[in-house]
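Summary of the model geometry
Each chain, written out:
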Amino acid sequence: MDVNERSLFWEREFEDVETVVVGNGELTDSSESLKLLKSGARVICCDGALQKLLSINIIPDAVVGDGDSMDKALLEKYHIPYFPDKSEEYNDLQKALRYCLSNLLDNIVLLGFGGLREDHFIANLSIWVMYSVRFHKIIMLTEHGIFNVMRGKAEFRSYEGMQVSVFARDNTVEYSFSGLKYPVEERAFGWLWEGSLNEATGSSFKITAFSISPVIVYRAKSR
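Just so it is clear, the structure is predicted and the values come from calculations on it, not from any experiment.

What follows deals with the overall build of the chain. Helices and strands together make up the secondary structure of the chain, namely 6 helices and 14 strands. Against the compact-globule benchmark of 17 Å for 223 residues, the chain has a radius of gyration of 18 Å, which places it among compact chains. Expressed as lengths along the three principal axes of its C-alpha atoms, the size of the chain is roughly 55 × 40 × 30 Å. Counting the 223 residues in the chain, one finds 53% classified as buried.

So, about the pairing of strand β2 (residues 42–46). In the case of a regular strand, side chains alternate between the two sheet surfaces. For β2, a buried count of 4 out of 5 residues is recorded, marking the element as mostly surrounded by other parts of the structure. Alignment of strand β1 (residues 19–22) against β2, held across 4 bridges, turns out to be parallel. In the sheet register, V22 faces β2, and the bridge partner there is C45. Relative to strand β3 (residues 62–65), β2 is paired through 3 bridges, and the arrangement is parallel. Along β3, the bridge assignment pairs C45 with V63. Once the chain exits β2 it traverses helix α3 (residues 50–55) before rejoining the sheet at β3, and the crossover so formed is right-handed.

A word on the nonpolar core. F14, V22, L50 and I207 are the most contacted members of the largest nonpolar core, which has 47 residues in total. Counting 28 residues, the second largest nonpolar core, distinct from the first, contains A62, L105, I108 and Y131.

Here we take up the sheet that holds strand β13 (residues 204–209). In a beta sheet, neighbouring strands are held together by backbone hydrogen bonds and run either parallel or antiparallel to one another. With antiparallel pairing, the 4 strands of this open sheet are ordered in space as β8-β13-β10-β11. The sheet is open, and its two borders are formed by β8 (153–157) and β11 (184–188), each paired with just one other strand. Direction aside, the axes of adjacent strands within the sheet are offset by 20 degrees on average.

What follows is about the packing of aromatic side chains. Each aromatic ring pair is summarised here by two numbers: the centre-to-centre distance and the angle between the ring planes. Overall, the coordinates contain 8 aromatic pairs when judged by the stated rule. With a centroid separation of 6.3 Å and an interplanar angle of 75 degrees, the aromatic rings of W128 and F147 are classed as edge-to-face. With a gap of 19 residues between them, W128 in helix α6 (residues 118–132) and F147 in strand β7 (residues 145–150) connect regions that are remote in the sequence. No difference in accessibility class separates W128 from F147, as the two residues are buried. Taken together, F121, W128, F147 and Y218 form an aromatic cluster joined through their ring pairs.

Another aspect to go through is the state of the cysteines. Evaluation of the coordinates by the stated rule reveals 0 disulfides. Considering cysteine sulfurs only, C45 is the nearest to C46, which forms no disulfide, with 6.6 Å between them. The closest cysteine sulfur to the non-disulfide-bonded C100 is located on C46, 9.1 Å from its own sulfur.

Tracing the backbone through its elements, the reader meets V64 in strand β3. Residue contacts for V64: discarding those within four places in its chain leaves I44, C45, C46, D47, F83, K95, A96 and Y99.

Looking now at helix α5 (residues 92–102). Every buried residue belonging to α5 is among L93, Q94, K95, A96, L97, Y99 and C100, and all of these are buried. Where α5 begins, the side chain of N91 points an oxygen toward the backbone nitrogen of L93, at a separation of 3.2 Å. L104 sits one or two residues past α5 and shows a positive phi near 55 degrees.

What follows covers the sheet that holds strand β4 (residues 82–84). Here we have 10 strands laid out as an open sheet, ordered β4-β3-β2-β1-β5-β6-β7-β14-β9-β12, and mixed in their pairing. In the strand order of this sheet, the two ends are held by β4 and β12 (198–199), each with one partner. In the sheet, strand β9 (residues 163–168) pairs with strand β14 (residues 215–220) via 5 bridges, with the strands oriented antiparallel. Its bridge partner lying in β14, V166 is registered against V217.

Now for the pairing of β11. Where strand β10 (residues 174–178) lies against β11, 3 bridges are found, and the strand directions are antiparallel. When the sheet's bridge partners are listed, Y175 is paired in β11 with R187. Hairpin connection, β10 to β11: the antiparallel pair is bridged by 5 residues, and G179 has positive phi, about 85 degrees.

Calculation notes
Residues numbered from 1 in each chain as written. Predicted model: local features only at pLDDT ≥ 70, side-chain atom pairs only at ≥ 80, totals over all residues. Heavy atoms only, no water. Helix = DSSP H or I, 4+ residues; strand = E, 2+ residues; numbered from the N terminus. Rg over C-alpha atoms; globule rule 2.2 N^0.38 Å. Buried < 20%, exposed > 50% of the residue type's maximum accessible area, 1.4 Å probe, protein only. Pairing = 2+ DSSP bridges. Right-handed = clockwise from strand over helix to strand, strands pointing away. Core = buried A, V, L, I, M, F, W, Y, C linked by side-chain atoms within 4.5 Å. Axes fitted to C-alpha atoms, helices over the stretch in contact; angles between N-to-C directions. Phe/Tyr/Trp six-rings, centres within 6.5 Å; stacked < 30°, edge-to-face > 60°. Disulfide = S-S within 2.5 Å. Contact = heavy atoms within 4.5 Å. Polar contact = N/O pair within 3.5 Å; in protein donor to acceptor, adjacent residues only side chain to side chain.

Right, here's the structure in full:
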């Protein structure tokens with residue numbers, strides 16, 4: 001699969017996106033990120049990311065947060081609605097997702113929640129999994145790959161050689177993988193790393209978890 005075919009592959013992954021939530025993590029002008037932000041989907045911006053979005057000529061539909069890390073003059077200049085959330089018990093991602101829930105926004109992609117500080121990224125992954133049951137579809141896109149959360153059974157599009165990792169936190173549950181270089185048959189993982197560093201062998205692969213416990217599936221953008 002050449003570069004153009006891979007680009008089209010990722011575009012198909014985001015065809016039904018309705019809402020893009022942007023955080024103040026790593027965000028470059030990669031093709032997938034920019035296409036999402038310019039796709040016509042609703043863009044919800046955490047307050048700390050406002051300057052970053054404006055620097056790539058994206059004006060968000062709404063800004064959410066406590067406002068402490070934002071130049072409020074920009075809101076007036078670009079006529080951007082601002083929804084303050086001063087809650088100290090929630091971080092930026094939680095505030096944005098609470099806004100999405102209260103406004104019935106769904107089919108969400110999270111951008112800009114990886115990179116920079118690893119502790120923030122791990123916390124955001126946990127929050128994303130926790131909130132995932134409240135949305136029909138919510139995925140996380142980083143500059144290097146895509147994270148999906150699944151429960152039970154799911155099939156994922158892929159291409160030969162795509163790098164895949166599966167992270168299953170419940171070591172009492174058995175899992176099966178098919179369509180991957182290293183298949184798994186009804187096996188429980190004692191440690192989080194044991195389902196990682198696999199590789200797709202074709203156009204799709206299947207993950208089965210014999211439980212509704214959440215499973216994180218990561219697909220890398222390149223080999």
